[in-house]
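# What the coordinates show
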Amino acid sequence: MFAKKCLALSVLATLPCASFATGVELDKLLVTATLASQKSEEAPAFATVITSDDIKKSAVSSLSDLMRETVGVNNNADSSGRDEIQIRGLDGAYTVILVNGKRVSSSSAFAKGSDTDLNSVPLNAIERVEIIRGPMSALYGADAIGGVVNIITKQPLDDQWQRSVNAQVRMIESGDEGTQYRLGASAQGPLADNLKVSVSAEAQQQDPWYLNAEDDVSQREERKVQNLNSTLAWQATAEQSVDFDFGYNHDKRPYQAYSAGAYREQEITRIDLGATYKGAWDWGNTTAFIKQENSDVSDYNSRYPTPDHDNLEQRNTYAKAYADAALGAHSVLAGVDYKLEKVTDPYFLENGSDSTDQYGVFVQDGIALSDAVNLTLSGRMDDHEIYGSNFSPKAYLVVDAGDGLTIKGGVSQAFKAPSIAQSNSSYSQVSCGGSCFLTGNSDLEAETSTSYELGFELRKASYDVSAAIFKNDIDNMITRTVDRSTDPISVQWVNVNKAMTQGFELSTSMDLTEDLMVSANYTFLDTESEDDSGNVTELTGRAKHQAMIGFDHQTTDRLATFLNVNFISGMKGTDDNNDIKTLSSYYRADVGVIADITDDLVIRAGIKNLNDVRLDEEDSDFTTFELGRSYYVSADLSF
């Protein structure tokens, strides 16, 4: 049963698992890059796929914990341990999070944001995660400057049920407390000939983790989470289907100190409702969906003039419809979408609430110039309620050079409007560790970007290699400005004149022997920010060098072992005088074993951060952290 698995956390950043045990390369498919299922080598994008096996293999604290080990991606967790994914040096605000192609975006309802969007889907519900690196605004609209993360859940089979339960515990040796528990269950199968259901649920308990036993403020906050993801699939006819989605996310951060003398308690309850229609016709295919996110938030913060903030709400509505057809050498896709976001906050919003809506029209044409050359042209026209119209085009060329070599490259433009929290001048959020308020700015302009990438993918029976260079030029990038000369400190959202991230990505996987595979990736990143006065600085919180190497050994028929080593270097931070400095380099190692006890029971155990690297000991100016050395054990039972 236990065939050797590829490690998508290090495997050629483009692709789901191949069967390394047999040396047979399977077709690898992506749906996110073009809104249609397509072989990854033909897709107009560089991408990573994380599989359900990769998630099970290691005791991750979150999906972000695994994603950061893929090429071009980093998890820049904040001082409370809240995850924030960076793609090619761009913050999480520049990445669109999708679940089965539908937006998830209620994190802004939490003061100072949150990681609830990435962590709202039960891990045992996930079939795979497709990470598109680079702009996708032409298809997905605003916010997709950095890329797209599409979480694709397990779908039920037509003729049998699949059921599983899993449990996990992780205990941290270094520091004090920090134990994490996770319990989950899932089931997928047919209810009738034309009716199927998929349900997954999980509960998590994360105890606070303190760097030292005598500390009052934890390095990672306490957290309690319950998630539910479900789909009822109705096959109305052979050509037409309707899916009904229901999701539930309850995320509570209990009363605790988050800074010296500052306390908070936050809770979000989110209910997602959605319906999707798909039709197959003689001329092509159609898809349409509508989704409603309803989030209720409670936010207590001792730094507020009125600490207890209840009755906070965020209501998001998303709708999308598109059709695709093959017309000779052209594969044409066209559609429309709509986004409405409404935030209710009677404490900071002048009128108690604010909303924005945005319409989009998009077209994509995949042109087969020859048997080996494909050109994809796409464009999107956005009409934003406040920031007007904007056109985002994309041109991408894919060349099959033969013998497993594919050459890719393209140019994309993207558009990103400020969020309500950024653009509403009456809106404030506690910041600076509780010592200031971050206020909105009604004079903000929308951000625009132009991005370039060029690279290749080489695939052979026993190895894969992928490499790409990229550059993102952003105009009117939105960032915080801090004025420490005032009391209290004045902090506001502002546009900087220009910002740039550029770099190089390399990843590979190789069978060294029949039972041993090595995988590695490396990302080089260079950044630059220029204000209106022409002052040029580097962007902080980004690693210049990020590398990973992993070894996967099939020790026996039922036992596998692995070792992963991650290296971070050239991270930029600021000292007490707010001057930019280079922080210390460090590495982190993880080891583990996976045992098939029976055909239905799998036990996993291991040590994360084997070398017990502590960033507080490496350099006090790190704003992110690494969990200390920890031990985990998990079990999965299928029936």
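Residues numbered from 1 in each chain as written. Predicted model: local features only at pLDDT ≥ 70, side-chain atom pairs only at ≥ 80, totals over all residues. Heavy atoms only, no water.

### Here we look at the nonpolar core
Leu 63, Met 67, Ile 126, Val 129, Ile 131, Val 149 and Ile 151 are the most contacted members of the largest nonpolar core, which has 21 residues in total. Mapped by element, the contributors of at least two residues to this core are α2 (63-67), β5 (85-87), β6 (95-99), β8 (126-133) and β9 (147-153). Leave out the neighbours within four places in its chain, and Met 67 touches Ile 50, Val 73, Ile 85, Leu 118, Ile 131 and Val 149. By size, the runner-up hydrophobic cluster in this structure holds 18 residues, among which are Leu 30, Val 49, Leu 98 and Leu 333. (Core = buried A, V, L, I, M, F, W, Y, C linked by side-chain atoms within 4.5 Å. Buried < 20%, exposed > 50% of the residue type's maximum accessible area, 1.4 Å probe, protein only. Helix = DSSP H or I, 4+ residues; strand = E, 2+ residues; numbered from the N terminus. Contact = heavy atoms within 4.5 Å.)

### Quick notes on the confidence of the model for the chain
Chain-level statistics for the chain give a pLDDT mean of 88 and a share of 93% at 70 or above. Note on residues 1-26: pLDDT is under 50 here. Beyond four places in sequence and across chains, it has 100 contacts. (pLDDT = per-residue confidence, 0-100.)

### Points about the sheet that holds β6
To summarise the sheet geometry, strands pair through backbone hydrogen bonds and adopt either a parallel or an antiparallel arrangement. Spatial strand order, β3-β8-β9-β6-β7: five strands in an open sheet with mixed pairing. For this open sheet the edge positions go to β3 (46-51) and β7 (102-103), each flanked by a neighbour on one side alone. By the bridge criterion, five bridges tie β6 to β9 in an arrangement that is parallel. In the sheet register, Ile 97 faces β9, and the bridge partner there is Val 149. (Pairing = 2+ DSSP bridges.)

### Here's the deal with the pattern of salt bridges
Taken as a whole and assessed by the stated rule, the structure comprises 43 salt bridges. The salt bridge involving Arg 380 is made with Asp 382; its shortest N-O contact spans 2.8 Å. As far as burial versus exposure is concerned, Arg 380 and Asp 382 are alike and both buried. Of the charged contacts, one joins Asp 616 and Arg 614 as a salt bridge, the two residues approaching to 3.0 Å between their closest N and O atoms. (Salt bridge = Lys/Arg side-chain N within 4 Å of Asp/Glu carboxyl O.)

### Brief notes about the pairing of strand β26 (residues 436-439)
By the alternation rule, side chains of β26 split into Cys 436 and Leu 438, which are all buried, and Phe 437 and Thr 439, of which none is buried. Judged from the four bridges that link them, strand β25 (residues 428-431) and β26 form a sheet pairing that is antiparallel. Counted as the bridge partner of Ser 428 is Thr 439 from β26. Pairing of β26 with strand β30 (residues 489-495) involves four bridges; the strand directions are parallel. Bridge assignment links Thr 439 to a residue of β30, and that residue is Gln 492.

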